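# A closer look at the structure
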Amino acid sequence: MNNKEQKVSTEEAQLALDSLANIDSSTNKLIRPPLWLTVIMAFFYGMMTFSWASTRHENLWMLGLIISAICFLASVAFYLYSSHLLGIKPKVLPKSKSECFFHLFSGIFFAAVIILTRILSVNGLEYAAYIGGILNALVLAYLLHHYSTGNYIKDNSHHE
């Protein structure tokens, strides 16, 4: 296929789509943080959720929230800085419509978990803090590992 041809065969189109899927997959593997850093970031994010839900009038969970937020931000900064040293520039802001929707729905999910965890914990269901913290940590770890490019990539490799 060259630039002057108007018609593209089905095989050429499928090869082009497979090539793009392989590029997206390899980009995700290149940008993804190491597993140990993913676990650290997810742990501190889950701890932030747990600490916020456990905060009451005069307990020390606000200190736990502050410490976990500082550690979470430090681990994200470490990831961005170490990626920069390796010559990799992870995207921080969405650049396409699909990335924008992915970030929007992820943000809505995380916000809903945090708000519901807090409401349920304050109203007497104290295990909600544990469940919300674990849920946010697991979802963040999953998203960081599988969708580190910030874009939902449909994997067609297992359908063949």
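Residues numbered from 1 in each chain as written. Predicted model: local features only at pLDDT ≥ 70, side-chain atom pairs only at ≥ 80, totals over all residues. Heavy atoms only, no water.

This part covers the overall build of the chain. For the chain, the helix and strand inventory stands at five helices and zero strands. With 160 residues in all, the chain has 29% of them scored as buried. Roughly 11,300 Å² of accessible area belongs to the chain as shown, and the carbon and sulfur atoms make up 69% of that amount. (Helix = DSSP H or I, 4+ residues; strand = E, 2+ residues; numbered from the N terminus. Buried < 20%, exposed > 50% of the residue type's maximum accessible area, 1.4 Å probe, protein only. Areas by Shrake-Rupley, 256 points an atom, 1.4 Å probe, with all protein chains shown as cover.)

A word on the packing of aromatic side chains. Following the criterion strictly, the structure yields eleven aromatic pairs and no others. Look at Y127 and Y130: their rings are 6.1 Å apart centre to centre, the planes differ by 40°, and that puts the pair in the tilted class. In this pair, Y127 and Y130 both sit in helix α5 (residues 127–146), three residues apart, roughly one turn of the helix. Given a relative accessible area of 62%, Y127 falls into the exposed group. One aromatic cluster is present, formed by Y45, F72, F109 and F110 through successive ring pairs. The aromatic ring of W52 is capped on one face by R118, whose charged end is 4.8 Å from the ring centroid. (Phe/Tyr/Trp six-rings, centres within 6.5 Å; stacked < 30°, edge-to-face > 60°. Lys NZ or Arg CZ within 6 Å of the ring centre and 35° of its normal.)

Let us look at the packing of helix α2 (residues 35–54) against helix α4 (residues 97–122). Look at α2 against α4: their axes get within 8 Å of each other, and the N-to-C directions meet at 35°. Our pair here, α2 against α4, has a crossing hand that is right-handed. Along its contact with α2, which presents Y45, T49, W52, A53 and S54, the element α4 presents F110, I114, T117, R118 and S121. Taken together, the residues of the contact of α2 with α4 sort by class into five nonpolar, four polar and one charged. (Axes fitted to C-alpha atoms, helices over the stretch in contact; angles between N-to-C directions. Left-handed = near helix turned anticlockwise from the far one by under 90°. Contact = heavy atoms within 4.5 Å. Nonpolar A, V, L, I, M, F, W, Y, C, P; charged D, E, K, R; others polar.)

Note that A74 resides in helix α3 (residues 61–85). Here A74 falls in the partly exposed class, since its relative accessible area comes to 43%. Sequence-wise, A74 and M41 are 33 residues apart; in three dimensions their C-alpha atoms are separated by 9.1 Å.

On average, the chain scores 83 in pLDDT, and the residues at 70 or more come to 80%. Mean pLDDT across the elements of the chain ranges from a minimum in helix α1 (residues 10–31), with 68, to a maximum in α2, with 95. Overall, residues 155–160 carries pLDDT values under 50, and its contacts beyond four positions in sequence, including any with other chains, amount to one contact. (pLDDT = per-residue confidence, 0-100.)

Within the largest apolar cluster, 16 residues are counted, with the highest numbers of intra-cluster contacts made by M41, Y45, F72 and L140. Counting only elements with at least two residues in this core, the list comes to α2, α3, α4 and α5. Per-element tally for this core: the top contributor is α2, with five residues. Excluding residues within four positions of it along the chain, Y45 makes contact with F72, F110, I114, N136 and L140. (Core = buried A, V, L, I, M, F, W, Y, C linked by side-chain atoms within 4.5 Å.)

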